[in-house]
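One-letter residues, chain by chain:
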Number of protein chains: 2
Amino acid sequence: MNIYGLILAGGSGSRLWPLSRELYPKQFLNINSDKSLLQSAFERLATFIKPENIICITNAKHLANVKMQLGETTVLAEPVAKNTAPAIVCAAKFITQRDSSDPIILVVPSDSLIKNIELFQSTVEKGEKLAQEGYIVTFGVKPNYPETGYGYINVTPDFKVKEFVEKPDSATAQKYLDKGTYFWNTGMFMFKVSVLLNEIERFAPEIAEIAKSIDFDKSNEIPCAEFEKMPSISIDYAVMEKSDKIALVKFESDWNDLGSWQSFYDTNEKDINGNVLVGSVLDKDSKNSLVYSSSKLVAAIGLEDTIIVETEDAVLACKKYCSQDIKHIYETLRAQNNDAHCVHKTIYCPWGYYTEIDRGKGFLVKRIHVNAGQRLSLQSHNHRHEHWVVVSGIAKVLLDGQEHSLEPGKSIDIPVKAPHSLQNPSKKDIEIIEVQRGDILSEDDIIRYEDIYGRI
Amino acid sequence: MNIYGLILAGGSGSRLWPLSRELYPKQFLNINSDKSLLQSAFERLATFIKPENIICITNAKHLANVKMQLGETTVLAEPVAKNTAPAIVCAAKFITQRDSSDPIILVVPSDSLIKNIELFQSTVEKGEKLAQEGYIVTFGVKPNYPETGYGYINVTPDFKVKEFVEKPDSATAQKYLDKGTYFWNTGMFMFKVSVLLNEIERFAPEIAEIAKSIDFDKSNEIPCAEFEKMPSISIDYAVMEKSDKIALVKFESDWNDLGSWQSFYDTNEKDINGNVLVGSVLDKDSKNSLVYSSSKLVAAIGLEDTIIVETEDAVLACKKYCSQDIKHIYETLRAQNNDAHCVHKTIYCPWGYYTEIDRGKGFLVKRIHVNAGQRLSLQSHNHRHEHWVVVSGIAKVLLDGQEHSLEPGKSIDIPVKAPHSLQNPSKKDIEIIEVQRGDILSEDDIIRYEDIYGRI
């Protein structure tokens, strides 16, 4: 029987702020690894699923990041965020249109940390058997302490699912732990496509109805008009809580959803004082603390049970037991329209990345990094003048139809309204310093003359 | 009787790191004020001393900063750091060569925080009387708790000084407090020049001898050869502990030497939760903490008795009671040759300031701010090429003998070895983005063709 992998990569970036952001949530981060969580999720599946059978579904705003990280993988883009049920149904529909054999789909979040691949595979094999028998399979971790940051699944003695419950308070979590029938919800599912679509038809007919009108025959794009009509609902609520075909497989491998800085601390090796120190950190006498520097020096003295996270444009300082409260900070920033909840100073694009390095009245300075063989779209700006200084590699610049080859040290003026593009046909990355000037310095002031993913 | 003010501004920047640095110590910082501590010290003296009778003595490396902050004030530069005795003796010599009336000198540190000017003045008046009677007057604060961060002065019942003691440990500090005869040493002194020089002659003849050979008749410069021969010793050790002419005046005004972040916290108004929050700070549930942001957003959650200080290039996170340990961090950085103990990303110069905004292999980007009417010296570089982009104001650039007037958006290349200067003859400040390129990008790679203070 064919098996497909579906990676859900639509998560927002609130809980590991300021390292994760709305426009760069945690699935894209390299955490203790040279691969991102998303890339690790893909590679884990690719150990037993054909790469062409692995599909990723994400929000349109993350499409460029997913494509950059997963290369040739098929990616479905949700035009708007609609929770997991519409996403999974669309992906199931997409798969049935390409494979009529009623395959099995394994759905996994893109941001879990799982280290033991063999136990992961053997756990999935157990799930596969149940899926073939017609069950919708969930995977649950046996709790070893009363965690309040996870959802729980309650099962019967023969591992049929009785109920899904949201994140509990401490007392309730302790009760769940004592009962022994509650498992942490990993967010992983496995089912035969026909089984899922039948249950959707029964319990979420509204979604089923709209899904019928979606046709993926001609493209991978989820039609915006149809998708927007779908209700925003999780697969747990839409189907799992109602269907009697839900079984739970105990998740045997290690698992952590990195849902908080506390989890990050827990999953890392400690030094002799119980500290996790990452990056440029100088410590004296701290205990049981996490100090994470991503750009500049952080000096820690005498901290206890404290989390310090430093990024290019924000610092978090918090007591470890408060790490779930970061959501409030994030929401406050969002309410204040403060960019800090949303964007990093460095923005990744399919062609490379750029970093804002300075900003003042009437000007903005960026360092633009274009990967070998990549290019930015032909574009122009109505309100700003740009000046590019090449500091490394050889840049090919098209300006007003004329081609310029600029080696390090060379510069060029891009007048207001002049169509221009930046290309790197070489095998070496290039870096340029861009000085923008104008009264309006907005990412929105851009007219594109080609339709490729690539934003400056 | 003539009275002179002498401001000692040679302090290093270890205790309020990372806000203060070796090259920008705390006397130059604006702390809770639009004036720096040095400027405040000057203005406090200028309420009763003629400005032309106020002299500042500092280390040569701080000369540019002092001149920028104090304008026309007479500044003596120590060629090397030699503690307070040689500095005060040189300044006394300088004053006697200009004023033969045997004036009184009031010596004050440049970095004390004193708010009540009237009480300061009345305290000084008391000191002046004793100085006229031939005493060397010290000023001591009656302690109200057993501070371990200050030196103490022990007095007889009639306020003659028995001994000076260094920073004590807690038990000793408590003993001093209980005795009631110990005062915090403010580092302020007052004396008739002849009295001090006599006592120096008696107790530090080596210094007296060298001082005789220094002649300030022709310039304000302390001759390097002579000064280097002086022993490095504090005025307390050299004279105060030995002379029987030392009296103490109780310092009646408020006083804080801002010797630690704890002091900084103590001297600031707290919010309802006992927090001092400065700059771009978002707090949730913190208590009795200091969170100081000087550049980017700092989010604090649930902190207790904690100090967070954020600057452009370093973050300090420390328990409040550890704030004296910052010296260790500072010393560690110094031992590691880590610039972070020494320089800020922004360096102030007499003509304005510059900020390093980016750095990579083979390039360095700065924003250079030139104040109205100011200029940088004519200079050239043997190893780097520079490219200047004007982003605000109109820059006059002299390059290879030719003059260029560059308005915003205009740029110019400065080839390796080409003599060039940057001038701002206008009434509006200018800002340029400088992109340096080369294998060696060092501040030392500079040949100056004029001798003015001005370093880029």
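Report follows, based on the coordinates. Along each chain, numbering runs from 1 in the same order as the chain's sequence is written. Chains carry letters and ligands carry numbers; both start at the beginning, A for chains and 1 for ligands, and go up in the order they are written. The predicted origin of the model limits local features to residues at a pLDDT of at least 70 and limits the giving and counting of side-chain atom pairs to 80 or more, whereas totals for whole chains, interfaces and linings rest on all residues. Working from all heavy atoms in the structure, the side-chain values ignore hydrogens and water.

1. Overview of the interface of chain B and chain A
- Whether two residues are in contact is decided by their heavy atoms, any of which lying within 4.5 Å being enough. Counting residues at the interface gives 54 residues for chain B, matched by 54 residues for chain A.
- Buried area: the sum, over both parts, of the accessible surface (1.4 Å probe) that disappears when the two are put together. Interface area, chain B with chain A, both sides summed: about 4100 Å², of which 68% is carbon and sulfur.
- By the criterion of area lost to chain A, the three top residues of chain B are Lys296, Leu297 and Ile301 of chain B, representing 16% of everything that side buries.
- In what follows, salt bridge is the name for a side-chain nitrogen of Lys or Arg lying within 4 Å of a carboxyl oxygen of Asp or Glu. Inspection of the chain B/chain A interface yields 6 salt bridges.
- For the salt bridge of Asp325 of chain B with Lys284 of chain A, the shortest nitrogen-to-oxygen distance reads 3.5 Å.
- Any pair of nitrogen or oxygen atoms within 3.5 Å is treated as a polar contact; in protein, a donor-acceptor pairing is required on top of that, and neighbouring residues in sequence qualify only through side-chain atoms on both sides. Scanning the region where chain B abuts chain A turns up 21 residue pairs in polar contact (both at pLDDT 80 or more).
- The nonpolar class holds Ala, Val, Leu, Ile, Met, Phe, Trp, Tyr, Cys and Pro. Asp, Glu, Lys and Arg form the charged class, and all remaining residues, Gly among them, are polar. Along the lines of polarity and charge, the residues of the side of chain B that touches chain A split into 29 nonpolar, 11 polar and 14 charged.
- One bridge is not enough; two strands pair if DSSP finds at least two bridges between them. Numbering goes from the N terminus for both helices and strands, where a helix is a DSSP run of H or I of at least four residues and a strand is a run of E of at least two. Examined bridge by bridge, strand E15 (residues 314-319) of chain A and strand E13 (residues 297-301) of chain B share 5 bridges and lie parallel to one another. Counted as the bridge partner of Leu316 of chain A is Ala299 of chain B from E13 of chain B.

2. Details of the pattern of salt bridges
- Taken as a whole and assessed by the stated rule, the structure comprises 45 salt bridges over all chains.
- In this structure, the salt-bridge partner of Lys296 of chain A is Glu310 of chain B, at a minimum N-O distance of 3.0 Å. Taken together, the residues span two chains, with Lys296 of chain A in the loop between strand E12 (290-293) and strand E13 (297-301) and Glu310 of chain B in strand E14 (residues 306-310).
- Using a relative accessible area of 0% as the deciding quantity, one classes Glu310 of chain B as buried. Throughout this description, buried means an accessible area under 20% of the type-specific maximum (1.4 Å probe, protein chains only), exposed means over 50%, and partly exposed covers the range between.

3. Overview of the packing of helix H3 (residues 84-98) of chain A against helix H7 (residues 205-212) of chain A
Residues and elements named next belong to chain A.
- Contact pair H3 / H7: the axes reach a minimum separation of 10 Å and the direction vectors enclose 40 degrees. As far as their axial angle goes, H7 and H3 are oblique. For the pair H3 and H7, the sense of crossing is right-handed. Across the interface between the two elements, Ala85, Pro86, Val89 and Lys93 from H3 touch Ile207, Ala211 and Lys212 from H7.
- Residue composition of the contact of H3 with H7, by class: 5 nonpolar, no polar and 2 charged. Axis lines are fitted to C-alpha atoms, over the contacting stretch for helices. Their N-to-C directions set the angle, which ranges from 0 to 180 degrees. Roughly parallel here means an angle under 35 degrees, roughly antiparallel means over 145, roughly perpendicular means 65 to 115, and every remaining angle is called oblique. Crossing chirality is assigned from the near helix's rotation relative to the far helix, an anticlockwise turn below a right angle marking it left-handed and a clockwise turn marking it right-handed.

4. So, the sheet that holds E15 of chain A
- Read from one edge of the open sheet, 6 strands run E10(A)-E12(A)-E14(A)-E15(A)-E13(B)-E11(B), paired in mixed fashion. Strands with a single pairing partner mark the edges of an open sheet, and in this sheet they are strand E10 (276-278) of chain A together with strand E11 (281-284) of chain B. Here the average twist between neighbouring strands, direction ignored, is 5 degrees.
- Two strands pair when backbone bridges link them, and E10 of chain A and E12 of chain A are joined in this way by 3 bridges, in the parallel orientation. Across the sheet, Leu277 of chain A pairs through a bridge with Val291 of chain A, a residue of E12 of chain A.
- Sheet strands in contact with helix H11 (residues 326-335) of chain A are E15 of chain A together with E11 and E13 of chain B, and its direction is about 140 degrees off that of E13 of chain B.

5. Details of unusual backbone geometry
- Residue Pro18 of chain A is bonded to the preceding Trp17 of chain A through a cis peptide linkage, with omega at 5 degrees.
- With respect to the helices, strands and loops of the structure, Pro18 of chain A is situated in the loop between strand E1 (3-8) and helix H1 (37-45).
- Residues other than glycine seldom take positive phi values, yet Leu258 of chain B does so here, at roughly 45 degrees.
- Structurally, Leu258 of chain B can be placed in the loop between strand E9 (246-250) and helix H10 (261-266).
- Even without glycine at this site, Asp400 of chain B takes up a positive phi of about 50 degrees.

6. Some thoughts on helix H6 (residues 193-203) of chain B
Residues and elements named next belong to chain B.
- Those residues of H6 that sit buried are Val193, Val195, Leu196, Glu199 and Ile200. Seen from one end, H6 has its buried residues packed into an arc of 165 degrees, which puts them on one side.
- Next to the buried residues of H6 lie helix H3 (84-98), strand E4 (104-109), strand E5 (136-141), strand E8 (182-192), helix H7 (205-212) and helix H9 (235-240). What the arc covers is the set of directions going from the helix axis to the C-beta atoms.

7. Re helix H11 (residues 326-335) of chain B
- Listing the buried residues of H11 of chain B in full gives Ile326, Ile329, Tyr330 and Leu333 of chain B. Down the axis, H11 of chain B shows its buried residues gathered within 100 degrees of arc, on one side only.
- Considering only its buried residues, H11 of chain B is in contact with strand E11 (281-284) and E13 of chain A together with H10 and strand E15 (314-319) of chain B.
- A positive backbone phi angle near 60 degrees is found at Asn337 of chain B, which sits one or two residues after H11 of chain B.

8. What about the pairing of strand E25 (residues 430-437) of chain A?
All names here are of chain A.
- In terms of burial, E25 is largely enclosed, as 7 of its 8 residues are buried.
- Across 8 bridges, the pairing between strand E18 (residues 363-370) and E25 is antiparallel. Bridge pairing in E25 links Val365 to Val435.
- Taken together, the 7 bridges between strand E20 (residues 385-392) and E25 define a ladder with antiparallel strand orientation. Within E25, the residue paired with Trp388 across the bridge is Glu434.

9. Description of the relation of the copies chain B and chain A
- With an RMSD of 0.1 Å, the operation that places chain B on chain A is a rotation of 180 degrees combined with a shift of 0.0 Å along the axis. What the rotation and shift describe, once combined, is the action of a two-fold rotation axis. Taking C-alpha positions as the reference, the residue of chain B nearest the rotation axis is Ile357 of chain B, at 2.9 Å. Alignment of copies: least-squares fit on C-alpha atoms of residues with pLDDT of at least 70 in both copies.

10. Observations regarding the pairing of strand E24 (residues 420-423) of chain B
Residue and element names in this part refer to chain B.
- What you see with E24 is no split at all: His420 and Leu422 on one side and Ser421 and Gln423 on the other are buried throughout.
- The pairing of strand E21 (residues 395-399) with E24 spans 4 bridges and is classified as antiparallel. Residue Leu399 lies in a different strand from E24, and its bridge partner there is His420.

11. Let's talk about the packing of aromatic side chains
- Two aromatic rings from Phe, Tyr or Trp, using only the six-membered ring of Trp, form a pair when their centres are within 6.5 Å; if the ring planes differ by under 30 degrees the pair is stacked, by over 60 it is edge-to-face, and anything between is tilted. Applying the stated rule across the entire model yields 26 aromatic pairs over all chains.
- Between Tyr24 of chain A and Phe28 of chain A, the aromatic rings sit 5.6 Å apart at their centres with planes inclined by 35 degrees, giving tilted as the arrangement.
- Among the residues examined, Tyr24 of chain A registers a relative accessible area of 10% and is labelled buried.
- Between Phe159 of chain B and Phe183 of chain B the ring centres are 5.8 Å apart and the planes differ by 55 degrees, which places this aromatic pair in the tilted class. You can see Phe159 of chain B sitting in the loop between strand E6 (152-155) and strand E7 (161-165) and its partner Phe183 of chain B sitting in strand E8, a full 24 residues away along the chain.
- Taking relative accessible area as the criterion, Phe159 of chain B reaches 32% and is therefore assigned partly exposed.
- Judged by its relative accessible area of 2%, Phe183 of chain B is buried.
- By way of ring pairs, the aromatic residues Tyr145, Tyr150, Trp184 and Trp255 of chain A are connected into one cluster.
- Charge-over-ring contacts are defined here by two conditions on Lys NZ or Arg CZ: a distance within 6 Å of the ring centre and an angle within 35 degrees of the ring normal. Taking the ring centre of Tyr265 of chain A as reference, the NZ or CZ of Lys270 of chain A above it sits at 4.8 Å.

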